[in-house]
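# Geometric and topological summary
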Amino acid sequence: MNILLDKIVSRLEKAEISSPRLEARLMLGKACGISADEAVLLQRELSAEEETLLEEMLEQRLAHKPLDKILGSKGFYKYDFTVNGNVLSPRPDTEIIVEEALKLLDSGITQNIADFGTGSGCILLSLLAENKRWQGQGVDKSEAALKVAAENAAALGVESQVSWINGSWFNEDFCQNLKTPLDMLVSNPPYIPSAEIAGLDAEVKDYDPLSALDGGADGYEHYRQIACLAPYLLKDGGHVVLEVGLGQAQEVNNIFAEQGLCPVRIIPDLSGIDRCVILKK
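This write-up is about the structure you can find in this document. Since the structure is predicted, the reported quantities are computational estimates derived from the model, not experimental observations.

The rules behind these values
- Residues numbered from 1 in each chain as written.
- Predicted model: local features only at pLDDT ≥ 70, side-chain atom pairs only at ≥ 80, totals over all residues.
- Heavy atoms only, no water.
- Core = buried A, V, L, I, M, F, W, Y, C linked by side-chain atoms within 4.5 Å.
- Buried < 20%, exposed > 50% of the residue type's maximum accessible area, 1.4 Å probe, protein only.
- Helix = DSSP H or I, 4+ residues; strand = E, 2+ residues; numbered from the N terminus.
- Contact = heavy atoms within 4.5 Å.
- Axes fitted to C-alpha atoms, helices over the stretch in contact; angles between N-to-C directions.
- Left-handed = near helix turned anticlockwise from the far one by under 90°.
- Nonpolar A, V, L, I, M, F, W, Y, C, P; charged D, E, K, R; others polar.
- Disulfide = S-S within 2.5 Å.

### A short note on the nonpolar core
Core analysis: the largest hydrophobic core is formed by 32 residues, its most contacted members being F116, L178, L185, Y223, V240, V252 and F256. Counting only elements with at least two residues in this core, the list comes to β3 (112-116), β6 (182-187), α10 (221-233), β7 (234-243), α11 (249-257) and β9 (274-280). The element contributing the most residues to this core is α10, with six residues. Discounting chain neighbours no more than four positions away, the residues touching L178 are A114, F116, Q137, V139, I165 and L233. Listed in part, the 24 residues of the second largest apolar core include L125, L128, V158 and M184.

See below:
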């Protein structure tokens, strides 16, 4: 490894940054406009502009700003998504929502999919990119988040398949804005109990939008509201595919079942944590 990369790795290690070697390569590559692999082989001196950019990124990372928020993008499923402080950073665990949804959607016909709390659009756009027949509606109460999602839709070439709804499912007129019936409702809603927000890692609580984290007093506030709406929004046979937090799967299952939806299955993520809840109308 080159000397510059060694120095970057050392600084990251002292700050107890995870994966310091990978992150060093990514930041050096970003600063120099080359790939992370090419950064390993870099032998030349950096220009003044490259040095400044690299140092700015390092200072932010040493302050525990998430790397994706520094680089401006994050890989998710098969694609790279633009991210910033207005959206939740896509998590690998969330990819299971896309994988399970794809098993349920009909690839041969038009499917009407709504994503509640779309954020960067990573779930919905990953689905739409798989089939040009499918149409999506991305819902978020943050106009700034929808701007990011729209940029990602354009980058993936699916902007003609998606429409954006700036609003909250707690609003009385919310359902009037949706094109129904839905074949599928997907959501990774806020699910962290309010009192637990302060105890989250700094990379989450200081850099992800609070509105994308706070699930109310018990963490189930958004699930209860979505469960009330789902029976009226879904077509017969339509599915709800949800992400849930640690230990929440069975209660979320019950919340939706009480509204008349039929539990289908609960799927664990790669860590063995029940992460995805699926129900059917």
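### Focus: the packing of helix α2 (residues 20-32) against helix α4 (residues 48-62)
Here α2 crosses α4 at 145°, and the two axes come no closer than 8 Å. Crossing of α2 over α4 shows right-handed handedness. Mapping the contact onto sequence places E23, M27, L28, K30, A31 and C32 in α2 and E50, L53, L54, M57, L58 and R61 in α4. Here the contact of α2 with α4 is composed, by residue class, of eight nonpolar, no polar and four charged.

### Thoughts on the state of the cysteines
Using the criterion set out here, one finds zero disulfides in the structure. Unpaired in this structure, C228 has its nearest cysteine sulfur neighbour in C175, at a distance of 10 Å. We classify C228 as partly exposed; its relative accessible area is 35%.

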